[in-house]
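Descriptive analysis of the structure
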Amino acid sequence: MDERHMLRMLELGIRAGGLVRVTQRSNFGGRVIAIGTGRIAIDAATAQSITVRPAEPNTHGEQS
């Protein structure tokens, strides 16, 4: 991702190590993601540029 797009991701709250949850999927590859209490729609190209891994449960059985 180029610097301009990285800056935009930071403005939206998408940061390395942050918790992101997919709430909706479109037919053309776009996604609606939840970050905290906010929701953001992203297009397919942006969604494909984000690398994710499953969250690990914390000691209280919640996801962190």
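Before reading further, recall that the structure is shown in the block above.
The text that follows walks through the structure, step by step, so that each part is easy to find.

Cut-offs and rules
Residues numbered from 1 in each chain as written. Predicted model: local features only at pLDDT ≥ 70, side-chain atom pairs only at ≥ 80, totals over all residues. Heavy atoms only, no water. Pairing = 2+ DSSP bridges. Helix = DSSP H or I, 4+ residues; strand = E, 2+ residues; numbered from the N terminus. Axes fitted to C-alpha atoms, helices over the stretch in contact; angles between N-to-C directions.

Turning next to the sheet that holds strand β1 (residues 21–25). As summarised here, the arrangement of the 3 strands in space is β1-β2-β3, forming an open sheet in which the pairing is antiparallel. Only two strands of the sheet have a single partner each, and these edge strands are β1 and β3 (38–42). Adjacent strand axes in the sheet meet at a mean angle of 30° when their direction is disregarded. Both β1 and strand β2 (residues 31–35) contribute to a ladder of 4 bridges, which runs antiparallel. Residue Arg21 lies in a different strand from β2, and its bridge partner there is Ala34.

Moving on to the pairing of β3. Here β2 runs beside β3; their pairing, made up of 5 bridges, is antiparallel. Along β3, the bridge assignment pairs Ile35 with Gly38. Once β2 ends, the chain turns through 2 residues before running back antiparallel as β3, passing Gly36 with a positive phi of about 65°.

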